[in-house]
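This is what each chain is made of:
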Amino acid sequence: LVFAGFENEVNHIGDIDVYDGKIYAGVEYFMDGESKNIQIAVYDAESYQLVNTYSFDEASGQTEVSGIAVDPDSGSIWMTSWTGDESGRYLYRYDLENGSYKGKVHLQCPPQWLQGIAYYNGCLYMTADDGTADLGEPDHVYKTRIAEDSTTATVVLERTLDDVTLTS
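Residues numbered from 1 in each chain as written. Predicted model: local features only at pLDDT ≥ 70, side-chain atom pairs only at ≥ 80, totals over all residues. Heavy atoms only, no water.

Engineer: Got a sec to walk through the sheet that holds strand S4 (residues 50-55)? Specific residues and values, please.
Structural biologist: Sheet architecture is open: four strands sit in the order S1-S2-S3-S4, paired in antiparallel fashion. For this open sheet the edge positions go to strand S1 (12-19) and S4, each flanked by a neighbour on one side alone. Taking each pair of neighbouring strands and ignoring which way they run, the sheet shows an average axis angle of 20°. Examined bridge by bridge, strand S3 (residues 34-44) and S4 share five bridges and lie antiparallel to one another. (Pairing = 2+ DSSP bridges. Helix = DSSP H or I, 4+ residues; strand = E, 2+ residues; numbered from the N terminus. Axes fitted to C-alpha atoms, helices over the stretch in contact; angles between N-to-C directions.)

Engineer: Now, about the pattern of salt bridges: what can you tell me, with residues and values included?
Structural biologist: Under the defined criterion, the tally for this structure stands at two salt bridges. Between Arg89 and Glu86 there is a salt bridge, with the nearest N and O atoms lying 2.7 Å from each other. As a salt-bridge pair, Asp163 and Arg159 come within 2.7 Å of each other at their nearest N and O atoms. Residue classification places Arg159 among the partly exposed residues on the basis of a relative accessible area of 38%. (Salt bridge = Lys/Arg side-chain N within 4 Å of Asp/Glu carboxyl O. Buried < 20%, exposed > 50% of the residue type's maximum accessible area, 1.4 Å probe, protein only.)

Engineer: So what about the packing of aromatic side chains? Which residues, and what values?
Structural biologist: The way to describe two aromatic rings as a pair is by their centre distance and the angle between their planes. A complete count under the given rule lists three aromatic pairs for this structure. Here the aromatic rings of Tyr90 and Tyr92 are separated by 6.3 Å at their centres, their planes lie at 45°, and the arrangement is tilted. By relative accessible area, Tyr90 is classed as buried at 13%. Look at Tyr94 and Tyr101: their rings are 5.2 Å apart centre to centre, the planes differ by 55°, and that puts the pair in the tilted class. The side chain of Lys36 reaches across the aromatic face of Tyr29, ending 5.2 Å from its centre. (Phe/Tyr/Trp six-rings, centres within 6.5 Å; stacked < 30°, edge-to-face > 60°. Lys NZ or Arg CZ within 6 Å of the ring centre and 35° of its normal.)

If you want it as structure tokens, here you go:
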């Protein structure tokens, strides 16, 4: 039911965000490590009905979507990519009103394996699946502040998740 109403086939929802009575989700068709049909899906937060979809810009270089955040201050929707290649070194910006692609921001000192993103008080916070759980290594939360019209943003470590432990 959650994938009903899409023009292109999708089977995966990454991280979501809720803003102004709507649920924003990064959706895609993901199989065997490959992604296609990346989109922003907008659902009504009460009825869970699909309201709108926005396709990603293929020229952006984005190859996957793992997280999405609404930044009402800049009128932007931000998306992350989990892949460890070039795509995972950027945040992808779309217009909150019409879903048009506004560009990408190159993360300086980029974390790898981004899993989620959230906007709070002028900053973007990203979670990364960058610890090897089998070796007892923790994952991390990173933070960045992106200046208007900037094409780069410095990323800093915000928190080490060493209080989250592997259970059997």
